[in-house]
Amino acid sequence: QVQLVESGGGLVQPGGSLRLSCAASGSISSIYAMGWYRQAPGKQRELVATITSGDSTNYADSVKGRFTISRDNAKNTVYLQMNSLKPEDTAVYYCNARLQPIGALNAYGYWGQGTQVTVSS
């Protein structure tokens, strides 16, 4: 069984910083792309940032220059460093990983349970 567990969310003032972590655990053969998505109340889930197994990154225009995605392959963990946070960054942040479980022929997408980020004074 594969699990993605996020941590690091919370309440922060505008202009502040937070670092989110997401660790993948279980019977994993290979992890390919990992990423972060977010969903604000009343809105659809949207891509925030992704990172491939070769460390190529992609960001939503709204977070470019403020957020940085990184990964530690030895720990099966992806991070999202969020700086200069704005109230519009308030959302539930979800971790996503495309990975191949041990014994599986294909790779599949997995989601974490989400972590709340609230930016407010």
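Preceding this section is the structure that the text describes.
In what follows, the accompanying structure is described. (Residues numbered from 1 in each chain as written. Predicted model: local features only at pLDDT ≥ 70, side-chain atom pairs only at ≥ 80, totals over all residues. Heavy atoms only, no water.)

1. Structural notes on the pairing of strand S9 (residues 91-101)
Remark: a regular strand shows side chains that alternate across the two faces of the sheet. Filter applied, for reference: Between buried and exposed lies partly exposed: a residue is buried under 20% and exposed over 50% of the maximum accessible area for its type, with that area taken using a 1.4 Å probe on protein chains only. The numbering of helices and of strands both runs from the N terminus, where a helix is a DSSP run of H or I of at least 4 residues and a strand a run of E of at least 2. Should DSSP find at least two bridges between two strands, the strands are taken to pair.
Taken across its eleven residues, S9 has nine buried, putting it largely inside the fold. Pairing of strand S4 (residues 28-39) with S9, which is carried by nine bridges, proceeds in the antiparallel orientation. Within S9, the residue paired with glycine 35 across the bridge is asparagine 96. Here S9 pairs with strand S11 (residues 115-119) via three bridges, running antiparallel. Within S11, the residue paired with tyrosine 93 across the bridge is threonine 115.

2. Some remarks on the nonpolar core
Selection criterion: Take the buried residues of types Ala, Val, Leu, Ile, Met, Phe, Trp, Tyr and Cys, join any two whose side-chain atoms come within 4.5 Å, and each joined set is a nonpolar core.
Residues Trp36, Leu80, Met82 and Tyr93 are the most contacted members of the largest nonpolar core, which totals 31 residues. Where this core is concerned, the elements lending two or more residues are strand S1 (2-7), strand S3 (18-26), S4, strand S5 (46-51), strand S7 (67-72), strand S8 (77-82), S9 and S11. Sort the elements by how many residues they give to this core and S9 lands first, with five residues.

3. Focus: the side chain of threonine 77
Operational definition: Pairs of N or O atoms are called polar contacts if they sit within 3.5 Å, as long as, within protein, a hydrogen donor faces a hydrogen acceptor (for residues adjacent in sequence, only side-chain-to-side-chain pairs). Any two residues whose heavy atoms approach within 4.5 Å at even a single point are treated as in contact.
In this fold, threonine 77 is placed in strand S8. Polar side-chain contacts of threonine 77 include one of 2.8 Å to the backbone oxygen of lysine 75. Sequence-distant contacts of threonine 77, that is, excluding residues within four places in its chain, are made with Cys22, Ala23, Met34, Ser70, Arg71 and Asp72.

4. So, the side chain of glutamine 100
Summarising the element assignment, glutamine 100 is placed in strand S9. By relative accessible area, which is 16% here, glutamine 100 ends up buried. A distance of 2.8 Å separates a polar atom in the side chain of glutamine 100 from the backbone oxygen of alanine 104. With near-sequence residues (within four places) excluded, glutamine 100 lies in contact with Ile28, Ser29, Ser30, Tyr32, Leu105, Asn106 and Ala107.

5. Section: the sheet that holds S3
The line we're drawing: Lines are fitted to the C-alpha atoms to define the axes, a helix being fitted only along its stretch in contact, and any angle between axes, read from their N-to-C directions, falls within 0 to 180 degrees.
The antiparallel open sheet is built from four strands, whose spatial order is S1-S3-S8-S7. What marks the edges here is a single partner per strand, and that holds for S1 and S7. Here the strands of the sheet are splayed against their neighbours by 15 degrees on average, with no regard to which way each runs. As judged from the six bridges shared by S1 and S3, these two strands associate in the antiparallel manner. Across the sheet, glutamate 6 pairs through a bridge with cysteine 22, a residue of S3.

6. Observations regarding the packing of aromatic side chains
We apply this condition: In this analysis, rings of Phe, Tyr and Trp, with Trp reduced to its six-membered ring, are considered paired at centre separations within 6.5 Å, and the interplanar angle assigns stacked below 30 degrees, edge-to-face beyond 60, and tilted for intermediate values. Counting as a charge over the ring demands two things of the Lys NZ or Arg CZ atom: a distance within 6 Å of the ring centre and an angle within 35 degrees of the ring normal.
Using the criterion set out here, one finds one aromatic pair in the structure. Both rings, one in tyrosine 37 and one in tryptophan 111, keep their centres 5.1 Å apart while their planes meet at 70 degrees; by these two values the pair is edge-to-face. One end of the pair, tyrosine 37, is in strand S4; the other, tryptophan 111, is in strand S10 (residues 108-111), and 74 residues separate them in sequence. Residue classification places tryptophan 111 among the partly exposed residues on the basis of a relative accessible area of 40%. One cation-aromatic arrangement involves arginine 19 over tyrosine 79; the distance from NZ or CZ to the ring centre is 4.1 Å. For arginine 45, the ring lying beneath its charged end belongs to tyrosine 94, and the centroid distance is 3.7 Å.

Everything listed here is a matter of coordinates, which is why it stays silent on function.
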